[in-house]
Amino acid sequence: KQEVTQIPAALSVPEGENLVLNCSFTDSAIYNLQWFRQDPGKGLTSLLLIQSSQREQTSGRLNASLDKSSGRSTLYIAASQPGDSATYLCAAGNFGNEKLTFGTGTRLTIIP
Amino acid sequence: NAGVTQTPKFQVLKTGQSMTLQCAQDMNHEYMSWYRQDPGMGLRLIHYSVGAGITDQGEVPNGYNVSRSTTEDFPLRLLSAAPSQTSVYFCASSPTDSRATIYFGEGSWLTVV
């Protein structure tokens, strides 16, 4: 059974800093690894999706990496802004997008 | 383009009552899924569907029922509500391509008293 872990549960950093969020998974037989953002009281918004054959994906100030052999993914956020404050969740897709296994998330606060 | 629409957004039920959470998508996606989100536990898969007429159980299916009569709709039924079903419920949809973006609804907050 796939298990996904995100540490730390909460993180606060001053505005402008670069930061890394961590995600680990136990079963390396994944189709993809995805990162989502969740704002309070809202649904999830897809940020980045890394296919199992890829090592990283980039979108603007966000860069996600995947190391299947070690069961790890990271989300790098450059030049953080207060608007980046949210909960970030990673999810492993072992069979496709209809069945994802989620981590518990990291609640990020950017301090102005 | 509405995306994924969930109704109701908030609901309070008494123990033993039944209800249906509605989910509709207008993107012609084959895959639809229901998750519940509880504090400290992340999202857990309840039921999913890979197309009209095809559904299957996820990690936590007990106490819930689903059907998929059309591509657009995927309702989640609580048969006899229990306090343990107090949670936030999210519906998601995506194309069959595992490289495609998944879209989530804004959630349904359910309290069972």
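Quick note: structure is the one above.
This write-up is about the structure you can find in this document. It should be emphasised that the depicted structure is a prediction, and the values quoted were computed from it without experimental measurement.

So, the interface of chain B and chain A
You'll often see interface size given as the accessible area lost when the parts meet.
Point 1. Tallying the contact residues gives 25 residues for chain B and 22 residues for chain A.
Point 2. Together, the buried faces of chain B and chain A total about 1,800 Å²; carbon and sulfur atoms form 58% of this surface.
Point 3. Our enumeration of links across chain B and chain A arrives at two salt bridges.
Point 4. Among the salt bridges present, the one from Glu106 of chain B reaches Lys42 of chain A, with a minimum N-O distance of 3.8 Å.
Point 5. Where chain B touches chain A, the interface holds six residue pairs in polar contact (both at pLDDT 80 or more).
Point 6. Secondary structure elements with two or more residues in the side of chain B that touches chain A: strand 4 (31-38), strand 5 (42-51) and strand 9 (87-94) of chain B.

Some remarks on the nonpolar core
Point 1. In terms of nonpolar packing, the biggest core is built from 22 residues, with Leu19, Leu33, Trp35, Leu75, Ile77, Tyr88 and Leu108 of chain A touching the most fellow members.
Point 2. At the level of elements, strand 3 (19-25), strand 4 (32-38), strand 5 (44-51), strand 7 (62-67), strand 8 (72-77), strand 9 (86-93) and strand 11 (106-111) of chain A are the ones that each hand at least two residues to this core.
Point 3. Contact partners of Ile77 of chain A, with chain neighbours within four places excluded, come to Glu17, Asn18, Leu19, Arg61, Leu62, Asp84, Tyr88 and Leu108 of chain A.
Point 4. Met27, Trp34, Ile46 and Val112 of chain B belong to the second-largest nonpolar core, a separate cluster that totals 20 residues.

Structural notes on the sheet that holds strand 1 (residues 4-5) of chain A
All names here are of chain A.
Point 1. The strand order across the open sheet built from five strands is 1-3-8-7-6, with neighbouring strands paired in antiparallel fashion. With one partner strand each, in any of the chains shown, strand 1 and strand 6 (56-59) form the two edges of the open sheet.
Point 2. As judged from the four bridges shared by strand 6 and strand 7, these two strands associate in the antiparallel manner. Note on strand 7: the bridge partner recorded for Gln57 is Ala64.

Concerning the sheet that holds strand 1 (residues 4-7) of chain B
All names here are of chain B.
Point 1. Spatially, the four strands line up as an open sheet ordered 1-3-8-7, and their pairing is antiparallel. Of all the strands in the sheet, the pair left with one neighbour each is strand 1 and strand 7 (64-66). Each neighbouring strand pair of the sheet contributes to a mean axis angle of 20°, computed without reference to strand direction.
Point 2. In the sheet, strand 3 (residues 19-25) pairs with strand 8 (residues 76-78) via three bridges, with the strands oriented antiparallel. Counted as the bridge partner of Thr20 is Arg77 from strand 8.

With respect to the environment of Gln17 of chain B
Residue and element names in this part refer to chain B.
Point 1. With respect to the helices and strands, Gln17 occurs in the loop between strand 2 (10-13) and strand 3.
Point 2. Each C-alpha atom of the pair Gln17 and Met32 lies 25 Å from the other, and the pair is 15 residues apart in sequence.
Point 3. If we ignore the near neighbours within four places in the chain, the residues touching Gln17 are Leu78, Leu79, Ser80 and Ala81.
Point 4. Polar contacts involving the side chain of Gln17 include one to the main-chain amide nitrogen of Lys14, which spans 2.8 Å.

Description of the state of the cysteines
Working definition of a disulfide: a covalent bond connecting the sulfur atoms of two cysteines.
Point 1. Across all of its chains, the model carries two disulfides over all chains by this definition.
Point 2. Sulfur-sulfur distance for the disulfide between Cys23 of chain A and Cys90 of chain A comes to 2.0 Å. On the sign convention where negative is left-handed, the bridge of Cys23 of chain A and Cys90 of chain A, at about 80° about the S-S bond, is right-handed. Of the two residues, Cys23 of chain A is situated in strand 3 and Cys90 of chain A in strand 9; the sequence distance between them amounts to 67 residues.
Point 3. Two residues share a disulfide in this structure: Cys23 of chain B and Cys91 of chain B, whose sulfurs sit 1.9 Å from each other. On the sign convention where negative means left-handed, the S-S torsion of about -75° between Cys23 of chain B and Cys91 of chain B marks this disulfide as left-handed.

Thoughts on the pairing of strand 11 (residues 108-112) of chain B
Residues and elements named next belong to chain B.
Point 1. Here strand 11 shows one buried face, formed by Ser108, Leu110 and Val112, and one open face, formed by Trp109 and Thr111.
Point 2. As defined by bridge partners, strand 2 adjoins strand 11 across four bridges and the pair is classed as parallel. Among the inter-strand pairings, Gln11 is bridged to a residue of strand 11, identified as Leu110.
Point 3. Pairing analysis gives three bridges linking strand 9 to strand 11, with the strands arranged antiparallel. By the bridge assignment, Val88 is partnered in strand 11 with Trp109.

What counts as what
- Residues numbered from 1 in each chain as written.
- Chains lettered and ligands numbered in written order.
- Predicted model: local features only at pLDDT ≥ 70, side-chain atom pairs only at ≥ 80, totals over all residues.
- Heavy atoms only, no water.
- Contact = heavy atoms within 4.5 Å.
- Buried area = accessible area lost by both parts, 1.4 Å probe.
- Salt bridge = Lys/Arg side-chain N within 4 Å of Asp/Glu carboxyl O.
- Polar contact = N/O pair within 3.5 Å; in protein donor to acceptor, adjacent residues only side chain to side chain.
- Helix = DSSP H or I, 4+ residues; strand = E, 2+ residues; numbered from the N terminus.
- Core = buried A, V, L, I, M, F, W, Y, C linked by side-chain atoms within 4.5 Å.
- Buried < 20%, exposed > 50% of the residue type's maximum accessible area, 1.4 Å probe, protein only.
- Pairing = 2+ DSSP bridges.
- Axes fitted to C-alpha atoms, helices over the stretch in contact; angles between N-to-C directions.
- Disulfide = S-S within 2.5 Å.

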